[in-house]
Amino acid sequence: MKKHHLFMAAMAFAMSAHVVTAQPEKEKVAAVAAVKASGAGAGSAAASLQLKPLAEQTQAALWASRVLGRYHYKAVPLDDAMSVKIFDNYFQTLDSEKLYFTQADVDQFAPMRTKMDDAINNENLTVPFAIYNLYQQRFTERMNYARQLLKTRPDFTLDESIQLDREKSPWAKNEDEVRELWRKRVKNDWLRLKLAGKEEKAIRETLDKRYENYITRIRKLNNEDVFQMFMNAYATSIEPHTNYLGPRSADNFDIAMRLSLEGIGAVLQSRDEYTVIREIVPGSPAALSGKLKVGDRIVGVAQGNAPFTDVLGWRIDDVVQLVRGEKGSTVRLDVLPGDAGPDAKHVTVTMVRKKISMEEQAAKKSIIEVKDGAFKRRVGVISLPTFYLDFEARRRGDKDYRSATRDVARILGELKKEKVDNVLIDLRNNGGGSLTEAIELTGLFIDKGPVVQQRDAQGRIEVESDLQPGLAWDGPMGVLINRGSASASEIFAAAVQDYGRGLVIGEPSFGKGTVQTLIDLDRFSPGEKVRYGELKMTIAQFFRINGGTTQLRGVTPDIKLPVLSDLDSFGESSYDNALPWVAIKPASYAAAGDLKELIGPLQKRHEARIAKDKEFQFLQEDIAEVLKIRKENAISLNESVRRKERDAQEARAKLREARLAGASGTNTDEPAAGPAGKEARGKVPAPTKPAKAVTAVRGAPRQDDGLQYDERDLAAELAAEKAAKDAKDILLQEAANILADEVGMLRTDTRMASRAMPYMASPRGGN
């Protein structure tokens, strides 16, 4: 059994399993009963709903500070200096775009800038909650002002612009300045809808409802959300990847790691105060009932034979909490059919809950065939969204526990039977997960040996190794990464690179080289009914076996693909308090191969191929356009200017279609959908940020319709998402082309093959 880095034995409590994730986990928002706000009265109504901290939250803050101050890898005392960081970070969390608070609002709390430590130590969180309550008041005021602006038609002949990103801007000096910001915000929202073809009446109705919904949404945030935001302002002031998870967020994190939950198998979404079924998991109780379909609205939930609880207007995660339950228990839903009016007959659906596997986040395979002269190279692709592991099932000895390594090993066996020539592990946007899984997954591709080194706060270095002899796959392989590949993904990619075991393809990775552990604060609780939540705390830094680290710099690919991300604003280097890059002594290991002489020729073939590839040319054009807009950090609010820009984009899209059709006879590519905006638990809504041009990796940018995801027809939105999912992935295709080139080179030059991959007995079948 492998020796794993356990938390300090001197601590009086046990730790949860190590995780190596890139960023704070994003959860779906929950819901308490909503109070609808409208018109001028909403501001005073919001002011009357003052949130206050609970006693258990002030106690949880104190215990968290004791753990962080003593056992964090970068332990920092909770003093006046840290208080200043917490204060600034908290305001930044609430109002990152400087759209709600004025400088006077911030100055009002300035005397407390060095008192955040006292608030925690004295178990008095009145000030952090007072800051939030003022934020909620200002938020409502801004939304009501925006709604008032809709009564007047904007003048789109003026030569003015709106700033895209205000994160580094100063606070508005006064009310006049902040109102001017909102005038331009509303004008841009209006113009987007107008350019999309909407009439003035429809524009007013759409935007009025949107701004009203923002007010409704923020009123659903509760004291757990506020406490979590404040505690994360504290935690991330120490180091970017230390986080506080409230009780419900901790539950959701556990579900995400084990890829399973107990419930009915329906994905839910909030739309117009209704809880709507967005997706039904095949084979689940929801699917087997035969009575539920996508678009149906859940208006009530009952446990067993108990009375229904009306959930109209609830936050989605509060509804989810009612729908989930123990396997074998009964839940009843009061459902309003999706195609029926609000007064239509309701349907009662009774289901018995069962264990639901989250297959969408599990490892998946596909095979890409690439023509290489007279031959066809078959590249097996394994897409791995996260390094998941059911920690609890493994601890209790469940032989069928779920893990990323087990699933990948099974898929590799299937790909062997399907006689693939090369294997590509697709880790794009894989933010990490279990450290154990990163080590064991590496073990599938090396015989045995060290995988990663860890250094704790005391400077002690421990080498984590794969001790299992043998390879699950001994053929050529590659790893596809991007800027969203972080932590556990970087451990795996770096080990593959250091061993000379496979090619790393893509763009530089995130650059997170730290290890976190989960600390259950509930063990300090005075009773089972009081939950304190969890800390995801950095306890070590990991290093490559060659002595380097992925911290800050990430993994540099062997074969570079176009960089799609903004490296200045996304990645470890974008954090001002990230740990520095350092090196330590290399571990003792023997390289499995040496691919250096392959890299140069493969890079040249790649460059020659994409120079002739029209889709790659389009992608490069999109990247250049986005970089230009990002640098300018502004878009015009003049209708004529915007129409010209839109017409030019549409003309370019038509030209692309014609060029692609001329090249291939058909155009099967579809525009990639941008991510649907989701509220994150413990985060404030971020409405009306001007839309930036989105680079659609799988085709042309999606035409802007001016709408938000929950304003579009659900069926149309799902169809667009499916089209985007099914669209050709040109970066994945090119990665497969590179691996096919590698196969051809190895099979035509056996001496090179023996130098590059000496562990292979002989090249795999023929040419």
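Small disclaimer: the values here were computed from a predicted structure and weren't measured. (Residues numbered from 1 in each chain as written. Predicted model: local features only at pLDDT ≥ 70, side-chain atom pairs only at ≥ 80, totals over all residues. Heavy atoms only, no water.)

Novice: Looking at this structure, how should I read the overall build of the chain?
Specialist: Per the secondary structure count, the chain includes 22 helices and 23 strands. Counted over contacts in the chain with a minimum sequence separation of 6, partners at least 24 positions apart contribute 79%. When the accessible surface of the chain is split by element, carbon and sulfur atoms take 52% of a total near 33,100 Å². (Helix = DSSP H or I, 4+ residues; strand = E, 2+ residues; numbered from the N terminus. Contact = heavy atoms within 4.5 Å. Areas by Shrake-Rupley, 256 points an atom, 1.4 Å probe, with all protein chains shown as cover.)

Novice: Where do I start with the pattern of salt bridges in this structure?
Specialist: Should their charged atoms come close, side chains of opposite charge can pair. This structure, assessed with the given rule, holds 58 salt bridges. Of the charged contacts, one joins Arg248 and Asp318 as a salt bridge, the two residues approaching to 2.3 Å between their closest N and O atoms. Placement of Arg248 in helix 10 (residues 247–258) and of Asp318 in helix 12 (residues 316–323) is noted, with a sequence separation of 70 residues between them. For the pair Arg248 and Asp318, one class covers both residues: buried. Salt bridges here are not isolated pairs; linked through shared partners, they connect Glu359, Lys365, Arg402, Asp407, Arg410, Glu414 and Glu418. (Salt bridge = Lys/Arg side-chain N within 4 Å of Asp/Glu carboxyl O. Buried < 20%, exposed > 50% of the residue type's maximum accessible area, 1.4 Å probe, protein only.)

Novice: Any chance you could explain the pairing of strand 12 (residues 364–372) here in plain terms?
Specialist: The side chains of a regular strand alternate between the sheet's two faces. Pairing of strand 12 with strand 13 (residues 375–383), which is carried by nine bridges, proceeds in the antiparallel orientation. Within strand 13, the position partnered with Lys364 by the bridge is Ser383. The antiparallel hairpin formed by strand 12 and strand 13 contains two residues in its connecting segment, where Gly373 sits at a positive phi of about 65°. (Pairing = 2+ DSSP bridges.)

Novice: Looking at this structure, I do not really get the layout of surface pockets. What am I missing?
Specialist: As a volume, the second largest pocket reaches approximately 570 Å³. Along the walls of the second largest pocket sit 31 residues, with Asp254, Arg258, Asp390, Phe391 and Glu392 positioned nearest its centre. Those elements that provide at least two residues to the lining of the second largest pocket are helix 10, strand 4 (260–263), strand 11 (354–357), helix 13 (391–395) and strand 20 (514–520). Considering every element that reaches the lining of the second largest pocket, the biggest residue donor is helix 10, with six residues. Its residues assigned to classes, the lining of the second largest pocket shows 10 nonpolar, four polar and 17 charged. (1 Å grid on protein atoms, 1.4 Å probe; cavity = no way out; pocket = protein on both sides within 12 Å on 5 of 7 lines; lining within 4 Å. Points joined across faces, edges and corners; volume = space filled by probe spheres on them. Nonpolar A, V, L, I, M, F, W, Y, C, P; charged D, E, K, R; others polar.)

Novice: What should I look at first to understand the confidence of the model for the chain in this one?
Specialist: Atomic detail in the predicted coordinates should be set aside for any region of low pLDDT. Confidence along the chain averages 87 in pLDDT terms, with 87% of residues attaining 70 or more. Here residues 1–18 is a poorly scored stretch, pLDDT under 50, and it has 56 contacts once near neighbours within four places are set aside; other chains count. Between residues 664–682, whose pLDDT stays under 50, and residues either more than four places distant or in other chains, the model counts 51 contacts. (pLDDT = per-residue confidence, 0-100.)

Novice: Looking at this structure, I do not really get helix 8 (residues 200–218). What am I missing?
Specialist: At 3.6 residues per turn, the α-helix brings residues three or four places apart onto the same side. If you check helix 8, its first and last C-alpha atoms are 27 Å apart, about what 19 residues at 1.5 Å a residue would give, namely 27 Å. Turning to helix 8, its buried residues number three or more, namely Ile203, Thr206, Leu207, Arg210, Tyr211, Glu212, Asn213, Tyr214, Ile215, Thr216, Arg217 and Ile218. (Expected span 1.5 Å × (residues − 1).)

Novice: Just to check I follow, could you spell out the packing of aromatic side chains for this structure?
Specialist: Aromatic ring pairs are described here by two measures, namely the spacing of the ring centres and the angle between the planes. Taken as a whole and assessed by the stated rule, the structure comprises 19 aromatic pairs. Their ring planes at 5° and their centres at 4.2 Å tell us that Trp63 and Phe524 sit as a pair that is stacked. One end of the pair, Trp63, is in helix 2 (residues 55–71); the other, Phe524, is in the loop between strand 20 and strand 21 (534–543), with 461 residues separating them in the sequence. For the pair Tyr100 and Trp182, a centre-to-centre distance of 5.7 Å together with 45° between the ring planes defines the contact as tilted. Highlighted residues: Tyr100 in the loop between helix 3 (80–94) and helix 4 (103–108) and Trp182 in helix 7 (residues 175–195), separated in sequence by 82 residues. As far as the burial class goes, Tyr100 and Trp182 line up, both buried. Three or more aromatic residues link up through ring pairs in this structure, and these residues are Phe87, Phe91, Tyr100, Phe101, Phe109, Tyr132, Tyr135, Phe139, Trp171 and Trp182. Above the ring of Tyr274, the side-chain terminus of Arg297 is found at 5.1 Å from the ring centroid. The cationic tip of Arg553 hangs over the ring face of Trp581; the distance from NZ or CZ to the ring centre is 3.8 Å. (Phe/Tyr/Trp six-rings, centres within 6.5 Å; stacked < 30°, edge-to-face > 60°. Lys NZ or Arg CZ within 6 Å of the ring centre and 35° of its normal.)

Novice: What should I look at first to understand the sheet that holds strand 12 in this one?
Specialist: Within a sheet, adjacent strands bond to each other through the backbone by hydrogen bonds, running parallel or antiparallel. Spatially, the six strands line up as an open sheet ordered 12-13-14-18-19-22, and their pairing is mixed. Of all strands in the sheet, those bounded by a partner on one side alone are strand 12 and strand 22 (559–560). Both strand 19 (residues 503–506) and strand 22 contribute to a ladder of two bridges, which runs parallel. By the bridge assignment for strand 22, Gly506 is matched with Lys560. Lying on the sheet, helix 16 (residues 488–498) is in contact with strand 14 (422–426), strand 18 (477–481) and strand 19; it crosses strand 18 at an angle near 140°. (Axes fitted to C-alpha atoms, helices over the stretch in contact; angles between N-to-C directions.)

Novice: It is not clear to me how unusual backbone geometry should be interpreted in this structure. Could you clarify?
Specialist: Negative phi is the rule for most residues except glycine; trans is the rule for most peptide bonds. The phi angle at Lys98 is positive, at roughly 55°, despite the residue not being glycine. Inspection of the secondary structure assignment puts Lys98 in the loop between helix 3 and helix 4.

Novice: Please explain the nonpolar core as it appears in this structure.
Specialist: Core analysis: the biggest nonpolar cluster contains 113 residues, and Tyr132 and Phe492 have the highest contact counts within it. With 10 residues, helix 6 (residues 126–149) is the single largest residue contributor to this core. Residues Val381, Leu503, Ile610 and Leu732 belong to the second largest nonpolar core, which totals 31 residues. (Core = buried A, V, L, I, M, F, W, Y, C linked by side-chain atoms within 4.5 Å.)

Novice: In this structure, what is going on with the side chain of Glu615? I would like to understand it.
Specialist: The residue Glu615 is located in helix 18 (residues 614–632) in this model. What makes Glu615 buried here is its relative accessible area of 13%. A polar atom in the side chain of Glu615 sits 2.8 Å from the side chain of Lys728. (Polar contact = N/O pair within 3.5 Å; in protein donor to acceptor, adjacent residues only side chain to side chain.)

Novice: It is not clear to me how the packing of helix 7 against helix 8 should be interpreted in this structure. Could you clarify?
Specialist: A pair of packed helices can be characterised by two numbers: the angle between their axes and the separation between those axes. Packing of helix 7 against helix 8 brings their axes to within 10 Å, and their N-to-C directions diverge by 130°. By the angle class used here, helix 7 and helix 8 are oblique. Considering only the axes of helix 7 and helix 8, their crossing is right-handed. Residues Val186, Asp189, Trp190, Leu193 and Lys194 of helix 7 pack against Glu200, Ile203, Arg204, Thr206, Leu207, Arg210 and Tyr211 of helix 8. For the contact of helix 7 with helix 8, the per-class residue count stands at six nonpolar, one polar and five charged. (Parallel < 35°, antiparallel > 145°, perpendicular 65-115°, else oblique. Left-handed = near helix turned anticlockwise from the far one by under 90°.)

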